[in-house]
Amino acid sequence: MTTVSRSVRHPPWIALLISILFAGAAAAAPGSNAEVVRDLASRVGPIVGSALACRDIARPRIQAIVDKFAAVIREASSSEAERANLTQILDRSVAEGRNAVTSGQSDCKLADRQLADLERSIAAPSLAAALGPSSAVAATSTAPVPTSPPQRGITDREIRFGIAAAFSGASKELGRQMKLGIDAAFNRTNDAGGIEGRMLRLIAADDGYEPTRTIEAMKQLYEKDQVFGIIGNVGTPPAAVAIPYALERRMLFFGAFTGAGLLRNDPPDRYVFNYRASYVQETDAVVRYLVKLRRLRPAQIAVFAQQDSYGDAGFVGVAKAFRALGANDSTIVRLNYKRNTVDVDDAVNQLKAQKTPIKAVVMVASYRAAAKFIEKTRDLYPQMIYTNVSFVGSTALADELLLLGTRYAAGVVVTQVVPAVSGYSSAVLEYKNALAKYFPGESPDYVSLEGYVAANILIQALKRTGPQLDTEKLIDTLETMRNLDLGLGTSLSFGRAEHQASQKVWGTALDENGKYQPIELE
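Rules of the game
Residues numbered from 1 in each chain as written. Predicted model: local features only at pLDDT ≥ 70, side-chain atom pairs only at ≥ 80, totals over all residues. Heavy atoms only, no water. Helix = DSSP H or I, 4+ residues; strand = E, 2+ residues; numbered from the N terminus. Buried < 20%, exposed > 50% of the residue type's maximum accessible area, 1.4 Å probe, protein only. 1 Å grid on protein atoms, 1.4 Å probe; cavity = no way out; pocket = protein on both sides within 12 Å on 5 of 7 lines; lining within 4 Å. Points joined across faces, edges and corners; volume = space filled by probe spheres on them. Nonpolar A, V, L, I, M, F, W, Y, C, P; charged D, E, K, R; others polar. Arc of directions from axis to C-beta. Contact = heavy atoms within 4.5 Å. Pairing = 2+ DSSP bridges. Axes fitted to C-alpha atoms, helices over the stretch in contact; angles between N-to-C directions. Salt bridge = Lys/Arg side-chain N within 4 Å of Asp/Glu carboxyl O. Core = buried A, V, L, I, M, F, W, Y, C linked by side-chain atoms within 4.5 Å. Disulfide = S-S within 2.5 Å. Expected span 1.5 Å × (residues − 1). Phe/Tyr/Trp six-rings, centres within 6.5 Å; stacked < 30°, edge-to-face > 60°. Parallel < 35°, antiparallel > 145°, perpendicular 65-115°, else oblique.

Participant: In this structure, what is going on with the overall build of the protein chain? I would like to understand it.
Facilitator: When its secondary structure is counted, the protein chain shows 19 helices and 12 strands. Here the protein chain holds 522 residues, and 56% of them are scored as buried.

Participant: Whenever I open this one, the layout of surface pockets confuses me. Can you help?
Facilitator: Space inside the largest pocket adds up to approximately 920 Å³. Every residue lining the largest pocket is counted, 35 residues in all, and those nearest its centre are V66, T87, D91, Q151 and R152. Broken down by secondary-structure element, the contributors of at least two residues to the lining of the largest pocket are α2 (34-52), α3 (59-76), α4 (80-102), α9 (211-224) and α19 (471-478). When its residues are assigned to classes, the lining of the largest pocket shows 15 nonpolar, 8 polar and 12 charged.

Participant: Where do I start with helix α13 (residues 345-352) in this structure?
Facilitator: Turn by turn, an α-helix covers 3.6 residues, leaving residues three or four places apart pointing in a common direction. What α13 keeps buried is the set A347, V348 and L351. The buried residues of α13 all sit within an arc of 100 degrees when viewed along its axis, so they share a single face. Contacts from the buried residues of α13 go to β6 (301-306), β7 (333-337) and α14 (367-377).

Participant: Where do I start with the sheet that holds strand β4 (residues 252-254) in this structure?
Facilitator: Across a sheet, strands are paired by hydrogen bonds formed along the backbone, either parallel or antiparallel in direction. If you walk across this open sheet you meet the 5 strands as β2-β1-β3-β4-β5, and the pairing is parallel. The sheet is open, and its two edges are formed by β2 (199-206) and β5 (272-273), each paired on a single side. On the sheet, helix α18 (residues 446-465) packs against β1 (158-165), β2, β3 (229-231) and β4 and is oriented at approximately 140 degrees with respect to β4.

Participant: Looking at this model, I keep getting lost on the environment of V291. Mind explaining?
Facilitator: Mapped onto the secondary structure, V291 falls in helix α11 (residues 279-293). In the structure, V291 is positioned 31 residues away from F322 in sequence and 9.8 Å away in space, judged by C-alpha atoms.

Participant: What is the right way to read the pattern of salt bridges from this model?
Facilitator: Note that side chains of opposite charge can pair when their charged atoms are close. Going through the model one piece at a time under the given rule, you end up with 26 salt bridges. One salt bridge connects D191 with K437, and the closest N-O pair in it is separated by 3.5 Å. A residue pair is termed long-range when its members are at least 10 positions apart, and D191 in helix α8 (residues 172-191) and K437 in helix α17 (residues 426-438) qualify at 246 residues. Take D191: its relative accessible area is 53%, and that puts it in the exposed class.

Participant: What am I meant to see in the nonpolar core here?
Facilitator: Looking at soluble globular proteins, one finds that nonpolar side chains tend to be buried together. Of all hydrophobic cores here, the largest spans 142 residues; its most connected members are F161, F254, Y275, F304, F373, L397 and I457. With 12 residues, the single largest contributor to this core is α18. F304 has contacts with L335, Y337, V344, A347, V361, V362, M363, V364, A365, A369, A370 and F373, leaving out every residue within four places of it along the chain. L52, L86, A111 and L115 belong to the second largest nonpolar core, which has 24 residues in total.

Participant: Help me out: how do you make sense of the pairing of strand β10 (residues 413-416) in this one?
Facilitator: Within a regular strand, the side chains alternate between the two sheet faces. Burial along β10 is two-sided: the residues V413 and T415 and V414 and Q416 are all buried. Across 2 bridges, the pairing between strand β9 (residues 385-388) and β10 is parallel. Paired with T387 across the strands is V413, a residue of β10. As judged from the 4 bridges shared by β10 and strand β11 (residues 506-510), these two strands associate in the antiparallel manner. Across the sheet, T415 pairs through a bridge with G507, a residue of β11.

Participant: Would you explain the state of the cysteines in this entry?
Facilitator: What is meant by a disulfide is a covalent connection between two cysteines, made through their sulfur atoms. For the coordinates displayed, the defined rule picks out 1 disulfide. For C54, the disulfide goes to C108, at an S-S distance of 2.1 Å. Classification of the bridge connecting C54 and C108 rests on its S-S torsion, roughly -100 degrees, and on that basis the disulfide is left-handed. On the criterion of sequence distance, the pair formed by C54 in the loop between α2 and α3 and C108 in helix α5 (residues 108-122) is long-range, its members being 54 residues apart.

Participant: Help me out: how do you make sense of the sheet that holds β9 in this one?
Facilitator: Read across the sheet, 7 strands follow the order β7-β6-β8-β9-β10-β11-β12 without closing on themselves; strand pairing throughout is mixed. Each edge of the open sheet carries a strand with a single partner, namely β7 and β12 (516-519). For this sheet, the mean angle separating the axes of adjacent strands, direction not counted, is 25 degrees. Taken together, the 5 bridges between β6 and β7 define a ladder with parallel strand orientation.

Participant: Got a minute to help me understand α11 in this structure?
Facilitator: Between its first and last C-alpha atoms α11 spans 20 Å; for 15 residues at 1.5 Å apiece the expected length is 21 Å, and the two agree. For α11, the full list of buried residues reads Y279, E282, T283, D284, A285, V286, V287, Y289, L290 and V291. R295, located one to two residues past α11, shows a positive phi value of around 60 degrees.

Participant: I would appreciate a short explanation of the packing of aromatic side chains in the present structure.
Facilitator: Evaluation of the coordinates by the stated rule reveals 15 aromatic pairs. For the pair Y209 and F391, a centre-to-centre distance of 5.7 Å together with 35 degrees between the ring planes defines the contact as tilted. Taken as a pair, Y209 in the loop between β2 and α9 and F391 in the loop between β9 and α15 (394-404) lie far apart in primary sequence, 182 residues in all. For Y209, a relative accessible area of 0% translates into the label buried. Relative to Y516, the ring of Y446 lies with its centre 5.8 Å away and its plane at 80 degrees, an arrangement referred to as edge-to-face. Of the two residues, Y446 sits in helix α18 while Y516 sits in strand β12, which places them 70 residues apart along the sequence.

Participant: Help me out: how do you make sense of the packing of α17 against α18 in this one?
Facilitator: Two quantities define a packed helix pair, namely the angle between the helix axes and the distance between the axes. Viewed as axis vectors pointing N to C, α17 and α18 meet at an angle of 105 degrees, and their least axial separation amounts to 11 Å. For the element pair α17 / α18, the angle class is roughly perpendicular. Touching V428, E430, Y431 and A434 of α17 are S448, L449, Y452 and N456, all from α18. A class-by-class count of the residues in the contact of α17 with α18 yields 5 nonpolar, 2 polar and 1 charged.

Just geometry here; none of it tells us what the structure is for.
Written out as structure tokens, the structure reads:
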């Protein structure tokens with residue numbers, strides 16, 4: 001791979017760049033020059049990257065180069081996949097150039113000289129003549145030089161983020177609430193002047209909580225809406241599709257509403273950051289609560305789980321807790337239902353068939369399915385203890401159960417990854433004030449509170465990164481954030497080996513009035 005120390009004075013490969021552009025002007029077949037452009041991307045990228053690492057090099061100069069090469073990529077690509085591949089090669093090369101400067105392998109004096117040589121080569125009269133007939137390339141040659149940084153999703157006025165979540169279907173309330181919390185945090189920051197004068201904007205795409213729709217939602221956000229990063233995506237099965245898409249494009253994937261292990265690799269994926277505790281931590285906490293405080297034997301605990309990667313993630317946590325307690329995890333009863341349905345009859349029948357009486361069910365479900373299961377089993381097992389992980393959507397679950405009657409709601413336990421919304425901690429009071437100001441009439445909710453907290457962690461990182469914002473700088477900033485105090489009652493930290501800010505799990509239970517009250521889990 002070419003490094004930024006390569007001299008570009010009168011570089012012979014500039015002739016190739018001219019020929020590529022000329023070929024585009026002459027309407028050559030798209031894709032015929034892709035191999036040459038692939039090589040050029042590995043040569044131009046380090047020059048752009050090293051310049052980006054130097055604060056004294058004017059951003060419009062760099063942007064002009066980036067725009068011109070983007071036009072070259074468009075001209076040379078025969079398909080969207082090829083264009084994405086060429087763009088990815090350029091992005092990797094840009095990152096290498098940036099790292100060469102930040103690590104001391106190169107310096108800003110050399111970066112400025114290389115950039116100037118590249119500018120002179122591209123601005124040569126013979127090239128300008130060659131570009132004349134090409135509308136796509138001519139547009140980049142004659143258009144006014146932009147003043148925005150050369151980074152997707154950022155202008156001098158705004159920073160665009162995207163959220164792919166369920167805004168339709170059985171889990172739509174989860175997506176709506178997550179977006180609500182993020183918007184409240186963004187609005188609050190925008191009213192205070194934004195980030196270095198840039199307003200934060202959230203663009204939503206609906207995937208209906210179906211992974212088959214997630215890839216199109218991500219494409220919409222990345223290709224059409226040109227977002228800088230992703231925040232607050234909802235659900236584990238969609239994340240299994242969205243994360244590879246984001247990683248391939250080196251795009252930030254922040255604060256997803258899921259506690260699944262696929263977002264928590266060891267070592268962590270560079271572009272994936274989580275706010276919340278994991279499902280393993282939630283289910284471990286609730287199994288210990290059932291065994292140590294409610295005095296149940298592990299054999300009396302079953303799992304009601306969605307039949308997909310979300311349910312699997314919760315089940316793994318229960319099994320881990322069983323092993324830690326010295327119990328046999330191979331005998332755990334798992335009661336399944338299908339995602340985006342409330343068809344729980346098979347699970348109910350399986351529960352009835354158990355010879356060992358089940359006294360507690362750990363539920364890894366969405367709110368409608370959880371409510372339906374409770375509805376169909378409460379009369380059969382009046383003393384049953386029902387627990388849910390935070391993804392269930394606490395308010396939505398309570399609303400569903402109260403429609404059935406208070407006896408269905410009372411005593412239902414939900415583990416949380418944020419403090420009680422009924423409390424008076426600094427973070428909760430700030431959230432409630434923002435919610436009342438920007439979304440009057442909306443009730444405080446655990447999901448929107450999580451979105452608000454996750455957004456505020458990101459906002460703190462954006463502020464610390466400074467005006468010359470790009471993805472790599474933001475990631476570096478996030479990985480140095482330690483002991484951030486947002487008033488939650490627990491400190492938040494990231495590191496190169498830790499991309500989960502909070503390890504805290506709170507306990508709540510519904511009372512006779514359908515209100516969540518804090519409970520001790522240990």
